[in-house]
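Each chain, letter by letter, is given below.
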Amino acid sequence: MHEKIKHLKQLEAESIYIMREVAAQFERPVLLFSGGKDSITMVRLAEKAFRPSRFPFPLLHIDTGHNFPETIQFRDRLIDRIGEKLIVRKVQDSIDSGRVREERGKGSSRNKLQTTTLLDSIEEFKFDAAFGGARRDEEKARSKERIFSFRDEFGAWDPKLQRPELWNIYNGKIHKGEHIRVFPISNWTEMDVWQYIQMENLDIPEIYFTHKRNCFYRDGMLVPESDFLPAEPNEKVSEMQVRFRTVGDMTCTGAVLSEANSLEDIIQEVAKARVTERGGRADDKRSEAAMEDRKKEGYF
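Below: a short report on this structure. Predicted model, so just to flag it, every value in this text is computed and none were measured.

**So, the packing of helix H1 (residues 3-25) against helix H6 (residues 190-200)**
- Following both chains from N to C, one finds H1 and H6 inclined at 100°, their axes separated by 10 Å at the closest point. One finds that H1 runs roughly perpendicular with respect to H6. Here Lys4, Ile5, His7, Leu8, Lys9, Leu11 and Glu12 of H1 come into contact with H6, specifically with Asp192, Gln195, Tyr196, Gln198, Met199 and Glu200.
- Here the residues of the contact of H1 with H6 sort into five nonpolar, three polar and five charged.

This is the structure:
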């Protein structure tokens, strides 16, 4: 077997084992789904872990209301194909109910507001485990997290309370009101994900490929123009050939100049990249510990 394929099959086997462990240990798991490449990979892993049966969990999308339209269209096509249950909970509803307050001004985003909507959803459905697509190579706070990440009754994460995971033994014991975040592809890299998508011939949103889009530069980041994020008078908007390495809220997800129009092109581009995929996420640049602070509050 080719070494690359052998490596991907080993990662796949580990992830399938983790998903089956969760199905065995927990009563009400859920898979957090964004429509991005990592959650698409997790859906494929779940198919391999549980087909021909239905998934032993629904999918949950926390909708900021500021999504790329292409991502929502892709999400709905995928759900139609796999025939699984999708739960959608909206940040706008959290705003309307007074649970969170909309940020205002330059650089405002709904990305952080997702935390409250997520925690309310976990409480609403009494989920005791939530699959996430985080990987250790994404960001330094991610690298601190174990595959089974304990969250207290407030959904908070404390890196000092991480449980040991010796010999792939995962401790899922929790008290009522607590839950576990589970990261089946924690040991994968961005390159692994793209090579797996290529190997499995998986469909992905078209914004991952090069396309023309009106963008402008803000604080060194290439920003897509939208109704949610208009350019300032001094910011010049131009049509550019771009793609996105990560899919998130339009207000904090930067584009990259690219002519990659195939998976092979993307893989070659990632191999040459000197900036991490989250290097284009404005929400991670608010402070040196932005991600860790959000995670302690219950973020993904």
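**Things to note about the sheet that holds strand S8 (residues 221-224)**
- Taken together, four strands build an open sheet; the order of strands is S8-S7-S9-S10 and the sheet is antiparallel. Both edges of this open sheet fall to S8 and strand S10 (256-257), since each of them pairs with a single strand only.
- Strand direction decides the pairing type here: strand S9 (residues 238-243) and S10, joined by two bridges, are antiparallel. Directly across from Val242, in S10, lies its bridge partner Leu257.

**Thoughts on the nonpolar core**
- Residues Met19, Leu31, Leu59, Phe131, Phe148, Val182 and Trp194 are the most contacted members of the largest nonpolar core, which totals 55 residues.
- Looking at which element gives the most residues to this core, the answer is helix H2 (residues 37-50), with seven residues.
- Look past the residues within four positions of Leu59 in its chain and what remains in contact with it is Val30, Leu31, Phe33, Val43, Ile79, Ile82, Glu84, Lys85, Leu86 and Ile87.
- Grouped together as the second largest cluster of nonpolar side chains are 14 residues, Leu113, Leu118, Phe127 and Ala130 included.

**Focus: the packing of aromatic side chains**
- All told, the structure shown has ten aromatic pairs when counted by the stated rule.
- Where Phe148 meets Tyr170, the ring centres are 5.0 Å apart and the plane angle is 20°; that geometry is what we call stacked. Placement of Phe148 in strand S5 (residues 148-151) and of Tyr170 in the loop between S5 and strand S6 (179-182) is noted, with a sequence separation of 22 residues between them.
- Overall, Tyr170 belongs to the buried group, its relative accessible area being 6%.
- Ring centres of Trp194 and Tyr208 lie 5.2 Å apart, and the angle between their planes is 85°; this geometry places the pair in the edge-to-face category. Taken together, the positions of Trp194 in helix H6 and Tyr208 in the loop between H6 and strand S7 (211-218) put the pair 14 residues apart, joining distant regions of the chain. The same class applies to Trp194 as to Tyr208, namely buried.
- In textbook terms, an aromatic cluster arises when at least three aromatic residues are bridged by ring pairs, as seen for Tyr17, Phe26, Phe148 and Tyr170.

The rules we used
- Residues numbered from 1 in each chain as written.
- Predicted model: local features only at pLDDT ≥ 70, side-chain atom pairs only at ≥ 80, totals over all residues.
- Heavy atoms only, no water.
- Axes fitted to C-alpha atoms, helices over the stretch in contact; angles between N-to-C directions.
- Helix = DSSP H or I, 4+ residues; strand = E, 2+ residues; numbered from the N terminus.
- Parallel < 35°, antiparallel > 145°, perpendicular 65-115°, else oblique.
- Contact = heavy atoms within 4.5 Å.
- Nonpolar A, V, L, I, M, F, W, Y, C, P; charged D, E, K, R; others polar.
- Pairing = 2+ DSSP bridges.
- Core = buried A, V, L, I, M, F, W, Y, C linked by side-chain atoms within 4.5 Å.
- Buried < 20%, exposed > 50% of the residue type's maximum accessible area, 1.4 Å probe, protein only.
- Phe/Tyr/Trp six-rings, centres within 6.5 Å; stacked < 30°, edge-to-face > 60°.

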